[in-house]
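# Coordinate inspection notes
Single-letter residue listing:
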Amino acid sequence: MKIGRVRPELRAEVRAYLRPVRWTGLALLALGGGLVVWPRLSGKWLMAGPVPLQWIGFGLVGAAWIIFAFVIVRRTRFYRARIAEIDRHSGEV
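Residues numbered from 1 in each chain as written. Predicted model: local features only at pLDDT ≥ 70, side-chain atom pairs only at ≥ 80, totals over all residues. Heavy atoms only, no water.

### Points about the environment of Ala 64
- The residue Ala 64 is located in helix 3 (residues 53-91) in this model.
- Distance from Ala 64 to Val 14, taken between C-alpha atoms, is 20 Å for residues 50 residues apart in sequence.
- Residues in contact with Ala 64, not counting those within four places in the same chain, are Gly 25, Leu 28 and Leu 29. (Helix = DSSP H or I, 4+ residues; strand = E, 2+ residues; numbered from the N terminus. Contact = heavy atoms within 4.5 Å.)

Next comes the structure, spelled out in structure tokens:
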């Protein structure tokens, strides 16, 4: 198995795996990035009680990257399991 290459017959299946979780991570990243950049662009510090929203933005960005790392690990495990399953069935006659 070469790194960075997916078997063509599994490409659609691997891309579809955990897609809603990836979209959630992307949404958190965009929202968190907006909250981090907002005070720099507008000069207004929005607050959520005693906490600046910029800190919440940093938390959202961190959560998004944790989600992305989780998805990478899970997709790699899924792909390796599917390859092993295909190889096991192709050996049977």
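Now, onward.
### Section: helix 3
- Its 39 residues give helix 3 an end-to-end C-alpha distance of 57 Å, which sits within 8% of 57 Å, the value for a rise of 1.5 Å per residue.
- Residues of helix 3 that are buried include every one of Gln 54, Gly 57, Leu 60, Ala 64, Ile 67, Phe 68, Val 71, Phe 78, Tyr 79, Arg 82 and Ile 83, and no others.
- Taken together, the buried residues of helix 3 touch helix 1 (11-16), helix 2 (19-42) and strand 2 (51-52). (Expected span 1.5 Å × (residues − 1). Buried < 20%, exposed > 50% of the residue type's maximum accessible area, 1.4 Å probe, protein only.)

### So, the pattern of salt bridges
- Following the criterion strictly, the structure yields four salt bridges and no others.
- Note that Arg 7 and Glu 9 form a salt bridge whose closest N and O atoms lie 4.0 Å from each other.
- Overall, Arg 7 belongs to the partly exposed group, its relative accessible area being 26%.
- Residue Glu 9 is classed as exposed on the basis of its relative accessible area of 51%.
- Residues joined in a network through salt bridges with shared partners are Arg 7, Glu 9 and Asp 87. (Salt bridge = Lys/Arg side-chain N within 4 Å of Asp/Glu carboxyl O.)

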